[in-house]
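Remarks on the overall topology
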Amino acid sequence: MITFILSCIALAVGYFVYGKFADRVFGTDPNRETPAVSNYDGVDYVPLPLWKSFLIQFLNIAGTGPIFGAIAGAMWGPWAFVWIVFGCIFAGAVHDIMIGMMSVRSNGASVSELVGENLGETARWVMVVFSIVLLLLVGVVFVSSPADLLANLTQWNRWWWVAAILIYYIVATILPIDAIIAKIYPIFGISLVLMAVGIVGGMIFNGSFAEIPEFAFTNPHVDGVSVFPYVCISIACGAISGFHATQSPLMARTIKSEAEGRRVFYGAMITEGYVALIWAAAAMTFFGGLEGLAAEGGKAAVIVNKISQGLMGRTGMVLAILGVVACPITSGDTAFRSIRLIIADTFKIPQKAIRQRYMIALPLFVIAVALLFIDFNIIWRYFSWSNQTLAAIALWAAAAYLKKHGRQYWVAMVPAMFMTVVVTSYIIIAPEGFGAVWGANTQLAEMVGLIAGIVVMVICSLAFMRTDFKKEGLPSQIS
(Lines give C-alpha, C1' and ligand atoms only; values in the text may rest on other atoms or scores of the structure.)
Protein backbone atom coordinates (compact mmCIF):
# COMPACT_ATOMS: atom_id res chain seq x y z
CA MET A 1 0.00 0.00 0.00
CA ILE A 2 2.80 2.43 0.89
CA THR A 3 4.58 1.74 -2.42
CA PHE A 4 1.35 2.46 -4.30
CA ILE A 5 0.71 5.73 -2.44
CA LEU A 6 4.29 6.89 -2.94
CA SER A 7 3.98 6.05 -6.64
CA CYS A 8 0.86 8.23 -6.92
CA ILE A 9 2.63 11.10 -5.17
CA ALA A 10 5.67 10.67 -7.43
CA LEU A 11 3.56 11.07 -10.56
CA ALA A 12 2.12 14.35 -9.26
CA VAL A 13 5.57 15.65 -8.34
CA GLY A 14 6.84 14.54 -11.73
CA TYR A 15 4.18 16.57 -13.53
CA PHE A 16 4.77 19.78 -11.57
CA VAL A 17 8.56 19.54 -11.38
CA TYR A 18 10.00 17.49 -14.25
CA GLY A 19 7.11 18.42 -16.55
CA LYS A 20 7.89 22.13 -16.13
CA PHE A 21 11.58 21.41 -16.62
CA ALA A 22 10.92 19.49 -19.87
CA ASP A 23 8.70 22.35 -21.03
CA ARG A 24 11.50 24.86 -20.42
CA VAL A 25 14.05 22.62 -22.14
CA PHE A 26 11.91 22.58 -25.26
CA GLY A 27 11.52 26.35 -25.15
CA THR A 28 7.75 26.79 -25.25
CA ASP A 29 6.71 30.26 -26.43
CA PRO A 30 3.12 31.28 -25.58
CA ASN A 31 3.35 34.15 -28.07
CA ARG A 32 3.94 31.96 -31.14
CA GLU A 33 0.96 31.27 -33.37
CA THR A 34 0.00 27.59 -33.42
CA PRO A 35 -0.94 25.58 -36.54
CA ALA A 36 -4.56 25.37 -35.36
CA VAL A 37 -4.74 29.12 -35.97
CA SER A 38 -2.30 29.66 -38.84
CA ASN A 39 -3.30 26.55 -40.86
CA TYR A 40 -7.01 26.39 -40.01
CA ASP A 41 -8.84 24.22 -42.57
CA GLY A 42 -11.95 23.11 -40.69
CA VAL A 43 -10.94 19.43 -41.02
CA ASP A 44 -7.74 18.59 -39.14
CA TYR A 45 -6.52 22.07 -38.15
CA VAL A 46 -9.25 23.20 -35.77
CA PRO A 47 -8.74 25.20 -32.53
CA LEU A 48 -10.35 23.39 -29.60
CA PRO A 49 -10.84 24.35 -25.95
CA LEU A 50 -7.99 23.20 -23.70
CA TRP A 51 -10.17 20.71 -21.81
CA LYS A 52 -11.29 19.06 -25.05
CA SER A 53 -7.75 18.81 -26.42
CA PHE A 54 -6.63 17.26 -23.13
CA LEU A 55 -9.43 14.69 -22.95
CA ILE A 56 -9.10 13.74 -26.62
CA GLN A 57 -5.33 13.34 -26.22
CA PHE A 58 -5.87 11.29 -23.06
CA LEU A 59 -8.33 8.93 -24.74
CA ASN A 60 -6.28 8.79 -27.96
CA ILE A 61 -3.21 7.55 -26.10
CA ALA A 62 -5.04 5.53 -23.44
CA GLY A 63 -7.89 3.36 -24.70
CA THR A 64 -7.43 -0.01 -23.03
CA GLY A 65 -3.64 0.31 -23.14
CA PRO A 66 -3.04 1.36 -19.52
CA ILE A 67 -5.61 -1.24 -18.40
CA PHE A 68 -4.60 -4.33 -20.36
CA GLY A 69 -0.88 -3.51 -20.18
CA ALA A 70 -0.99 -2.85 -16.44
CA ILE A 71 -2.81 -6.14 -15.85
CA ALA A 72 -0.11 -7.99 -17.80
CA GLY A 73 2.63 -6.11 -15.94
CA ALA A 74 1.02 -6.82 -12.57
CA MET A 75 2.46 -10.34 -12.83
CA TRP A 76 5.76 -8.78 -11.70
CA GLY A 77 4.14 -7.25 -8.62
CA PRO A 78 5.33 -3.79 -7.49
CA TRP A 79 8.01 -3.75 -10.19
CA ALA A 80 5.08 -2.63 -12.33
CA PHE A 81 4.71 0.47 -10.11
CA VAL A 82 8.41 1.27 -10.47
CA TRP A 83 8.33 1.04 -14.26
CA ILE A 84 5.09 3.04 -14.55
CA VAL A 85 6.44 5.88 -12.38
CA PHE A 86 9.95 6.17 -13.80
CA GLY A 87 8.88 5.30 -17.34
CA CYS A 88 6.03 7.79 -17.29
CA ILE A 89 7.88 10.77 -15.79
CA PHE A 90 11.27 10.48 -17.50
CA ALA A 91 10.42 8.67 -20.74
CA GLY A 92 6.75 8.51 -21.74
CA ALA A 93 5.69 12.04 -20.82
CA VAL A 94 8.96 13.47 -22.20
CA HIS A 95 8.37 11.50 -25.42
CA ASP A 96 4.83 12.89 -25.72
CA ILE A 97 5.57 16.54 -24.99
CA MET A 98 8.64 16.62 -27.24
CA ILE A 99 6.89 15.01 -30.23
CA GLY A 100 3.75 17.06 -29.61
CA MET A 101 5.57 20.38 -29.40
CA MET A 102 7.94 19.51 -32.28
CA SER A 103 4.80 18.94 -34.35
CA VAL A 104 3.40 22.29 -33.23
CA ARG A 105 6.62 23.97 -34.40
CA SER A 106 6.45 22.09 -37.73
CA ASN A 107 2.89 23.06 -38.68
CA GLY A 108 1.35 19.90 -37.21
CA ALA A 109 3.71 17.52 -39.02
CA SER A 110 3.29 13.78 -38.44
CA VAL A 111 5.92 11.77 -36.57
CA SER A 112 7.52 10.42 -39.75
CA GLU A 113 8.08 13.96 -41.01
CA LEU A 114 9.55 14.98 -37.66
CA VAL A 115 11.95 12.03 -37.74
CA GLY A 116 12.97 12.96 -41.27
CA GLU A 117 13.59 16.58 -40.32
CA ASN A 118 15.87 15.57 -37.47
CA LEU A 119 17.44 12.20 -38.38
CA GLY A 120 17.51 12.34 -42.17
CA GLU A 121 15.64 11.09 -45.22
CA THR A 122 16.41 7.40 -44.70
CA ALA A 123 15.08 7.55 -41.15
CA ARG A 124 11.98 9.35 -42.42
CA TRP A 125 11.09 6.54 -44.82
CA VAL A 126 11.80 3.92 -42.17
CA MET A 127 9.46 5.78 -39.85
CA VAL A 128 6.78 6.15 -42.53
CA VAL A 129 6.70 2.39 -43.07
CA PHE A 130 7.09 1.58 -39.36
CA SER A 131 4.35 3.95 -38.19
CA ILE A 132 1.88 2.88 -40.88
CA VAL A 133 2.42 -0.80 -40.05
CA LEU A 134 2.08 -0.08 -36.33
CA LEU A 135 -1.09 1.96 -36.80
CA LEU A 136 -2.62 -0.71 -39.02
CA LEU A 137 -1.91 -3.27 -36.29
CA VAL A 138 -3.47 -0.93 -33.71
CA GLY A 139 -6.53 -0.44 -35.89
CA VAL A 140 -6.95 -4.18 -36.47
CA VAL A 141 -6.41 -5.03 -32.79
CA PHE A 142 -9.03 -2.44 -31.85
CA VAL A 143 -11.53 -3.83 -34.33
CA SER A 144 -11.03 -7.45 -33.33
CA SER A 145 -11.09 -7.22 -29.52
CA PRO A 146 -14.27 -5.12 -29.09
CA ALA A 147 -16.03 -7.07 -31.85
CA ASP A 148 -15.29 -10.35 -30.07
CA LEU A 149 -16.52 -9.01 -26.73
CA LEU A 150 -19.70 -7.56 -28.24
CA ALA A 151 -20.37 -10.88 -29.98
CA ASN A 152 -20.07 -12.67 -26.62
CA LEU A 153 -22.35 -10.18 -24.90
CA THR A 154 -25.07 -10.13 -27.57
CA GLN A 155 -24.67 -13.56 -29.24
CA TRP A 156 -24.64 -11.76 -32.59
CA ASN A 157 -22.23 -12.90 -35.28
CA ARG A 158 -18.76 -11.40 -34.80
CA TRP A 159 -18.60 -10.15 -38.39
CA TRP A 160 -21.69 -7.97 -37.95
CA TRP A 161 -19.84 -6.13 -35.20
CA VAL A 162 -16.67 -5.96 -37.28
CA ALA A 163 -18.65 -4.34 -40.10
CA ALA A 164 -20.31 -1.85 -37.75
CA ILE A 165 -16.99 -0.82 -36.17
CA LEU A 166 -15.30 -0.46 -39.56
CA ILE A 167 -18.12 1.75 -40.84
CA TYR A 168 -17.68 4.00 -37.80
CA TYR A 169 -13.91 4.05 -38.37
CA ILE A 170 -14.37 5.19 -41.97
CA VAL A 171 -16.68 8.00 -40.90
CA ALA A 172 -14.39 9.14 -38.05
CA THR A 173 -11.33 8.98 -40.33
CA ILE A 174 -12.91 11.11 -43.05
CA LEU A 175 -14.98 13.72 -41.21
CA PRO A 176 -13.54 16.89 -39.59
CA ILE A 177 -12.05 16.29 -36.13
CA ASP A 178 -14.73 18.40 -34.42
CA ALA A 179 -17.60 16.55 -36.13
CA ILE A 180 -17.44 13.30 -34.11
CA ILE A 181 -14.17 12.89 -32.22
CA ALA A 182 -14.31 16.22 -30.38
CA LYS A 183 -17.90 15.51 -29.33
CA ILE A 184 -17.76 11.93 -28.02
CA TYR A 185 -14.16 11.55 -26.85
CA PRO A 186 -14.46 13.81 -23.80
CA ILE A 187 -17.36 11.64 -22.58
CA PHE A 188 -15.37 8.41 -22.87
CA GLY A 189 -12.27 10.11 -21.43
CA ILE A 190 -14.20 11.09 -18.32
CA SER A 191 -15.66 7.55 -18.13
CA LEU A 192 -12.16 6.06 -18.16
CA VAL A 193 -11.11 8.31 -15.26
CA LEU A 194 -14.30 7.56 -13.30
CA MET A 195 -13.70 3.86 -13.85
CA ALA A 196 -10.24 4.13 -12.28
CA VAL A 197 -11.54 6.22 -9.36
CA GLY A 198 -14.31 3.67 -8.80
CA ILE A 199 -11.76 0.84 -8.69
CA VAL A 200 -9.81 2.65 -5.95
CA GLY A 201 -13.02 3.28 -4.01
CA GLY A 202 -14.00 -0.38 -4.29
CA MET A 203 -10.57 -1.50 -3.09
CA ILE A 204 -10.78 0.79 -0.07
CA PHE A 205 -14.33 -0.35 0.72
CA ASN A 206 -13.58 -4.10 0.58
CA GLY A 207 -10.25 -3.80 2.39
CA SER A 208 -8.02 -4.95 -0.47
CA PHE A 209 -6.37 -1.52 -0.72
CA ALA A 210 -4.34 -2.33 2.39
CA GLU A 211 -3.20 -5.58 0.74
CA ILE A 212 -1.43 -3.93 -2.21
CA PRO A 213 2.06 -5.47 -2.01
CA GLU A 214 5.19 -3.50 -1.20
CA PHE A 215 8.26 -3.27 -3.37
CA ALA A 216 11.18 -5.64 -2.76
CA PHE A 217 14.31 -6.43 -4.77
CA THR A 218 13.01 -9.86 -5.72
CA ASN A 219 11.16 -11.23 -8.74
CA PRO A 220 7.65 -12.29 -7.68
CA HIS A 221 6.55 -13.56 -11.11
CA VAL A 222 5.01 -17.00 -10.58
CA ASP A 223 6.83 -18.47 -13.60
CA GLY A 224 10.10 -16.72 -12.85
CA VAL A 225 10.03 -14.62 -16.05
CA SER A 226 12.67 -11.91 -15.69
CA VAL A 227 11.62 -8.34 -14.91
CA PHE A 228 13.78 -6.83 -17.65
CA PRO A 229 12.94 -6.37 -20.48
CA TYR A 230 9.54 -8.04 -20.23
CA VAL A 231 7.83 -5.59 -17.88
CA CYS A 232 8.96 -2.69 -20.11
CA ILE A 233 7.27 -4.29 -23.12
CA SER A 234 4.18 -5.53 -21.27
CA ILE A 235 3.41 -2.09 -19.85
CA ALA A 236 3.66 0.30 -22.79
CA CYS A 237 0.72 2.70 -22.50
CA GLY A 238 0.97 3.89 -18.90
CA ALA A 239 4.77 4.17 -19.06
CA ILE A 240 5.92 4.91 -22.63
CA SER A 241 4.36 4.07 -25.98
CA GLY A 242 5.40 4.86 -29.53
CA PHE A 243 1.73 4.88 -30.51
CA HIS A 244 1.55 8.24 -28.72
CA ALA A 245 4.00 9.71 -31.22
CA THR A 246 1.41 9.07 -33.93
CA GLN A 247 -1.38 10.65 -31.88
CA SER A 248 0.23 13.78 -30.43
CA PRO A 249 0.41 15.49 -33.89
CA LEU A 250 -3.39 15.25 -34.06
CA MET A 251 -3.65 17.50 -31.01
CA ALA A 252 -0.74 19.65 -32.20
CA ARG A 253 -3.22 20.78 -34.85
CA THR A 254 -5.86 21.77 -32.26
CA ILE A 255 -4.15 23.58 -29.35
CA LYS A 256 -4.59 27.35 -29.41
CA SER A 257 -1.36 28.25 -27.57
CA GLU A 258 2.00 26.60 -26.95
CA ALA A 259 1.34 27.26 -23.25
CA GLU A 260 -1.23 24.42 -23.43
CA GLY A 261 1.40 21.89 -24.53
CA ARG A 262 2.54 20.71 -21.09
CA ARG A 263 -1.02 20.19 -19.87
CA VAL A 264 -2.18 18.42 -23.02
CA PHE A 265 0.86 16.24 -23.80
CA TYR A 266 2.78 15.75 -20.54
CA GLY A 267 -0.40 15.94 -18.45
CA ALA A 268 -2.32 13.33 -20.44
CA MET A 269 0.59 10.89 -20.10
CA ILE A 270 0.74 11.40 -16.32
CA THR A 271 -3.02 10.86 -16.11
CA GLU A 272 -2.60 7.64 -18.06
CA GLY A 273 0.09 6.65 -15.57
CA TYR A 274 -2.43 6.94 -12.73
CA VAL A 275 -4.88 4.70 -14.60
CA ALA A 276 -2.12 2.12 -15.08
CA LEU A 277 -1.09 2.25 -11.40
CA ILE A 278 -4.67 1.68 -10.27
CA TRP A 279 -5.30 -1.27 -12.57
CA ALA A 280 -1.97 -2.87 -11.72
CA ALA A 281 -2.82 -2.59 -8.01
CA ALA A 282 -6.31 -4.01 -8.52
CA ALA A 283 -4.96 -6.95 -10.54
CA MET A 284 -2.38 -7.74 -7.83
CA THR A 285 -5.00 -7.93 -5.08
CA PHE A 286 -8.43 -8.85 -6.49
CA PHE A 287 -7.65 -12.52 -7.12
CA GLY A 288 -5.90 -13.06 -3.79
CA GLY A 289 -2.37 -12.48 -5.03
CA LEU A 290 -0.23 -13.11 -8.09
CA GLU A 291 -0.98 -16.84 -8.12
CA GLY A 292 -4.68 -16.10 -8.41
CA LEU A 293 -4.02 -13.56 -11.15
CA ALA A 294 -1.92 -16.09 -13.07
CA ALA A 295 -4.77 -18.60 -12.82
CA GLU A 296 -6.93 -16.25 -14.91
CA GLY A 297 -4.77 -17.13 -17.90
CA GLY A 298 -3.91 -13.60 -18.96
CA LYS A 299 -7.39 -12.93 -20.41
CA ALA A 300 -7.34 -9.16 -19.87
CA ALA A 301 -10.90 -8.42 -21.01
CA VAL A 302 -12.29 -11.10 -18.68
CA ILE A 303 -10.12 -9.83 -15.81
CA VAL A 304 -11.34 -6.24 -16.35
CA ASN A 305 -14.95 -7.42 -16.29
CA LYS A 306 -14.47 -9.47 -13.09
CA ILE A 307 -12.65 -6.68 -11.24
CA SER A 308 -15.12 -4.01 -12.33
CA GLN A 309 -18.21 -5.98 -11.37
CA GLY A 310 -16.61 -7.31 -8.20
CA LEU A 311 -15.62 -3.87 -6.92
CA MET A 312 -18.40 -1.68 -8.37
CA GLY A 313 -21.37 -3.96 -9.10
CA ARG A 314 -23.69 -3.00 -11.98
CA THR A 315 -22.03 0.39 -12.37
CA GLY A 316 -18.76 -1.42 -12.79
CA MET A 317 -20.24 -3.62 -15.48
CA VAL A 318 -21.33 -0.57 -17.49
CA LEU A 319 -17.93 1.07 -17.06
CA ALA A 320 -16.20 -2.18 -17.96
CA ILE A 321 -18.13 -2.30 -21.23
CA LEU A 322 -17.05 1.29 -21.90
CA GLY A 323 -13.49 0.37 -21.00
CA VAL A 324 -13.08 -2.76 -23.10
CA VAL A 325 -15.42 -1.81 -25.96
CA ALA A 326 -15.72 1.97 -26.39
CA CYS A 327 -12.17 2.89 -25.39
CA PRO A 328 -10.37 0.59 -27.85
CA ILE A 329 -12.70 1.75 -30.61
CA THR A 330 -11.75 5.34 -29.85
CA SER A 331 -8.08 4.44 -30.22
CA GLY A 332 -8.69 2.52 -33.42
CA ASP A 333 -10.42 5.37 -35.22
CA THR A 334 -7.61 7.84 -34.52
CA ALA A 335 -5.09 5.18 -35.60
CA PHE A 336 -6.63 5.15 -39.07
CA ARG A 337 -6.94 8.94 -39.03
CA SER A 338 -3.23 9.16 -38.21
CA ILE A 339 -2.35 6.87 -41.14
CA ARG A 340 -4.33 9.14 -43.45
CA LEU A 341 -2.41 12.18 -42.23
CA ILE A 342 0.99 10.43 -42.41
CA ILE A 343 0.36 9.40 -46.03
CA ALA A 344 -0.98 12.85 -46.86
CA ASP A 345 2.09 14.51 -45.32
CA THR A 346 4.49 12.11 -47.02
CA PHE A 347 3.09 12.53 -50.51
CA LYS A 348 1.90 16.14 -50.09
CA ILE A 349 -1.78 15.33 -50.69
CA PRO A 350 -4.12 18.16 -49.53
CA GLN A 351 -6.91 16.95 -47.24
CA LYS A 352 -9.46 19.74 -47.47
CA ALA A 353 -11.48 17.98 -50.20
CA ILE A 354 -13.34 14.89 -48.95
CA ARG A 355 -12.54 13.02 -52.19
CA GLN A 356 -8.82 13.16 -51.35
CA ARG A 357 -9.48 11.80 -47.87
CA TYR A 358 -11.44 8.84 -49.29
CA MET A 359 -8.67 8.21 -51.82
CA ILE A 360 -6.24 7.50 -48.96
CA ALA A 361 -8.59 5.95 -46.42
CA LEU A 362 -10.51 3.31 -48.37
CA PRO A 363 -7.48 1.19 -49.45
CA LEU A 364 -6.36 1.17 -45.80
CA PHE A 365 -9.60 -0.44 -44.70
CA VAL A 366 -9.30 -3.10 -47.41
CA ILE A 367 -5.90 -4.05 -45.96
CA ALA A 368 -7.33 -3.94 -42.42
CA VAL A 369 -10.08 -6.41 -43.34
CA ALA A 370 -7.47 -8.80 -44.74
CA LEU A 371 -5.45 -8.58 -41.49
CA LEU A 372 -8.54 -9.50 -39.46
CA PHE A 373 -8.13 -13.10 -40.65
CA ILE A 374 -4.74 -13.39 -38.89
CA ASP A 375 -4.64 -14.75 -35.33
CA PHE A 376 -5.18 -11.91 -32.83
CA ASN A 377 -2.38 -13.04 -30.47
CA ILE A 378 0.21 -12.94 -33.28
CA ILE A 379 -0.80 -9.38 -34.22
CA TRP A 380 -0.70 -8.27 -30.57
CA ARG A 381 2.81 -9.63 -29.96
CA TYR A 382 4.28 -7.81 -32.93
CA PHE A 383 2.36 -4.67 -32.04
CA SER A 384 3.90 -4.61 -28.56
CA TRP A 385 7.50 -4.74 -29.80
CA SER A 386 7.03 -2.39 -32.75
CA ASN A 387 5.25 0.05 -30.45
CA GLN A 388 8.25 0.39 -28.14
CA THR A 389 10.69 0.47 -31.05
CA LEU A 390 8.83 3.41 -32.53
CA ALA A 391 9.08 5.16 -29.14
CA ALA A 392 12.86 4.71 -29.15
CA ILE A 393 13.17 6.17 -32.66
CA ALA A 394 10.93 9.11 -31.75
CA LEU A 395 13.07 9.86 -28.67
CA TRP A 396 16.26 9.84 -30.77
CA ALA A 397 14.58 12.33 -33.12
CA ALA A 398 13.61 14.51 -30.15
CA ALA A 399 17.18 14.41 -28.85
CA ALA A 400 18.46 15.47 -32.29
CA TYR A 401 15.98 18.35 -32.37
CA LEU A 402 17.13 19.58 -28.96
CA LYS A 403 20.81 19.18 -29.86
CA LYS A 404 20.60 21.19 -33.06
CA HIS A 405 18.75 23.94 -31.18
CA GLY A 406 21.42 24.07 -28.46
CA ARG A 407 19.21 22.68 -25.70
CA GLN A 408 19.72 19.99 -23.04
CA TYR A 409 19.30 17.04 -25.35
CA TRP A 410 20.07 14.46 -22.64
CA VAL A 411 16.43 14.89 -21.50
CA ALA A 412 15.39 12.87 -24.56
CA MET A 413 18.66 11.03 -25.20
CA VAL A 414 18.79 9.15 -21.89
CA PRO A 415 15.32 7.54 -22.28
CA ALA A 416 16.16 6.90 -25.96
CA MET A 417 19.24 4.95 -24.87
CA PHE A 418 17.26 2.97 -22.32
CA MET A 419 14.48 2.08 -24.77
CA THR A 420 17.06 1.04 -27.36
CA VAL A 421 18.39 -1.52 -24.88
CA VAL A 422 14.83 -2.66 -24.10
CA VAL A 423 13.68 -3.29 -27.67
CA THR A 424 16.97 -4.83 -28.82
CA SER A 425 17.26 -7.24 -25.90
CA TYR A 426 13.58 -8.17 -26.17
CA ILE A 427 13.70 -9.12 -29.85
CA ILE A 428 16.75 -11.30 -29.14
CA ILE A 429 15.01 -13.38 -26.47
CA ALA A 430 11.27 -13.15 -27.27
CA PRO A 431 9.28 -15.80 -29.22
CA GLU A 432 8.38 -13.26 -31.93
CA GLY A 433 12.09 -12.57 -32.41
CA PHE A 434 14.95 -15.03 -32.03
CA GLY A 435 13.60 -16.84 -28.97
CA ALA A 436 13.40 -20.20 -30.71
CA VAL A 437 17.19 -20.20 -31.13
CA TRP A 438 17.75 -20.49 -27.38
CA GLY A 439 15.32 -23.26 -26.56
CA ALA A 440 15.12 -23.72 -22.78
CA ASN A 441 18.38 -21.87 -22.11
CA THR A 442 16.68 -18.67 -20.93
CA GLN A 443 19.58 -17.44 -18.81
CA LEU A 444 21.95 -17.47 -21.78
CA ALA A 445 19.32 -15.80 -23.95
CA GLU A 446 18.79 -13.01 -21.43
CA MET A 447 22.52 -12.44 -21.03
CA VAL A 448 23.09 -12.29 -24.80
CA GLY A 449 20.03 -10.10 -25.23
CA LEU A 450 21.20 -7.62 -22.62
CA ILE A 451 24.72 -7.47 -24.08
CA ALA A 452 23.32 -6.99 -27.59
CA GLY A 453 21.03 -4.24 -26.33
CA ILE A 454 23.89 -2.40 -24.67
CA VAL A 455 26.09 -2.74 -27.76
CA VAL A 456 23.39 -1.34 -30.08
CA MET A 457 22.70 1.48 -27.61
CA VAL A 458 26.42 2.41 -27.47
CA ILE A 459 26.67 2.41 -31.28
CA CYS A 460 23.58 4.63 -31.59
CA SER A 461 24.86 6.96 -28.86
CA LEU A 462 28.32 7.33 -30.42
CA ALA A 463 26.81 7.99 -33.84
CA PHE A 464 24.48 10.56 -32.32
CA MET A 465 27.24 12.36 -30.42
CA ARG A 466 29.48 12.52 -33.50
CA THR A 467 26.76 13.79 -35.82
CA ASP A 468 26.74 17.49 -36.65
CA PHE A 469 23.06 18.36 -36.81
CA LYS A 470 22.38 21.39 -38.96
CA LYS A 471 19.91 23.77 -37.41
CA GLU A 472 17.71 23.87 -40.51
CA GLY A 473 17.05 20.15 -40.44
CA LEU A 474 19.05 17.16 -41.63
CA PRO A 475 22.34 15.82 -40.24
CA SER A 476 25.22 17.34 -42.21
CA GLN A 477 28.13 15.02 -41.44
CA ILE A 478 29.69 12.60 -39.03
CA SER A 479 33.17 13.79 -38.13
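As recorded in an unreviewed UniProt entry, the protein goes by Carbon starvation protein CstA and comes from Ignavigranum ruoffiae. According to the UniProt record, the Subcellular location (unreviewed entry) comment for the protein reads "Cell membrane". Listed in UniProt under the heading Sequence similarities (unreviewed entry), the comment for the protein reads: "Belongs to the peptide transporter carbon starvation (CstA) (TC 2.A.114) family."

On to the environment of Arg-337. Inspection of the secondary structure assignment puts Arg-337 in helix α14 (residues 300-347). A relative accessible area of 0% places Arg-337 in the buried class. Spatially, the C-alpha atom of Arg-337 lies 8.8 Å from that of Ile-170, the residues being 167 residues apart in sequence. Each residue touching Arg-337, except ones within four places of it in the same chain, is listed here: Val-43, Asp-44, Ala-172, Thr-173, Leu-175, Pro-176, Ile-177 and Ile-181. There is a polar contact of 2.8 Å between the side chain of Arg-337 and the side chain of Asp-44.

With that settled, the discussion passes to the packing of helix α5 (residues 79-105) against helix α11 (residues 243-252). Where α5 contacts α11, the two axes come as close as 8 Å, and the packing angle between them is 45°. Here α5 lies oblique to α11, going by the angle between them. In this structure, the crossing between α5 and α11 has a hand that is right-handed. Between α5, through His-95, Asp-96, Ile-99, Gly-100, Ser-103 and Val-104, and α11, the contact on the second element is made entirely by His-244, Ala-245, Ser-248, Pro-249 and Ala-252. Here the contact of α5 with α11 is composed, by residue class, of 5 nonpolar, 5 polar and 1 charged.

Within this structure, the stated rule accounts for 10 salt bridges. With its nearest N and O atoms 3.5 Å apart, the salt bridge here joins Glu-258 to Arg-32. Remark: Arg-32 occurs in the loop between α1 (2-26) and α2 (35-38) and Glu-258 occurs in the loop between α11 and α12 (261-286); sequence separation between them is 226 residues. The exposure class of Glu-258 is buried, given its relative accessible area of 1%. In the salt-bridge network here, residues are joined through shared partners; they are Glu-113, Glu-121, Arg-124 and Lys-348.

All told, the structure shown has 25 aromatic pairs when counted by the stated rule. When the ring of Trp-79 is compared with that of Phe-215, the centres are 4.7 Å apart and the planes differ by 80°; the resulting orientation is edge-to-face. Here Phe-215 lies in the loop between α9 (181-206) and α10 (230-234) and Trp-79 lies in helix α5, a separation of 136 residues in the sequence. With a relative accessible area of 27%, Phe-215 lands in the partly exposed category. A ring pair is formed by Tyr-169 and Phe-336, whose centres lie 5.6 Å apart and whose planes are at 50°; its orientation type is tilted.

Scoring rules and cut-offs
- Residues numbered from 1 in each chain as written.
- Predicted model: local features only at pLDDT ≥ 70, side-chain atom pairs only at ≥ 80, totals over all residues.
- Heavy atoms only, no water.
- UniProt positions renumbered as here; feature names shortened; annotations may be inferred.
- Helix = DSSP H or I, 4+ residues; strand = E, 2+ residues; numbered from the N terminus.
- Buried < 20%, exposed > 50% of the residue type's maximum accessible area, 1.4 Å probe, protein only.
- Contact = heavy atoms within 4.5 Å.
- Polar contact = N/O pair within 3.5 Å; in protein donor to acceptor, adjacent residues only side chain to side chain.
- Axes fitted to C-alpha atoms, helices over the stretch in contact; angles between N-to-C directions.
- Parallel < 35°, antiparallel > 145°, perpendicular 65-115°, else oblique.
- Left-handed = near helix turned anticlockwise from the far one by under 90°.
- Nonpolar A, V, L, I, M, F, W, Y, C, P; charged D, E, K, R; others polar.
- Salt bridge = Lys/Arg side-chain N within 4 Å of Asp/Glu carboxyl O.
- Phe/Tyr/Trp six-rings, centres within 6.5 Å; stacked < 30°, edge-to-face > 60°.

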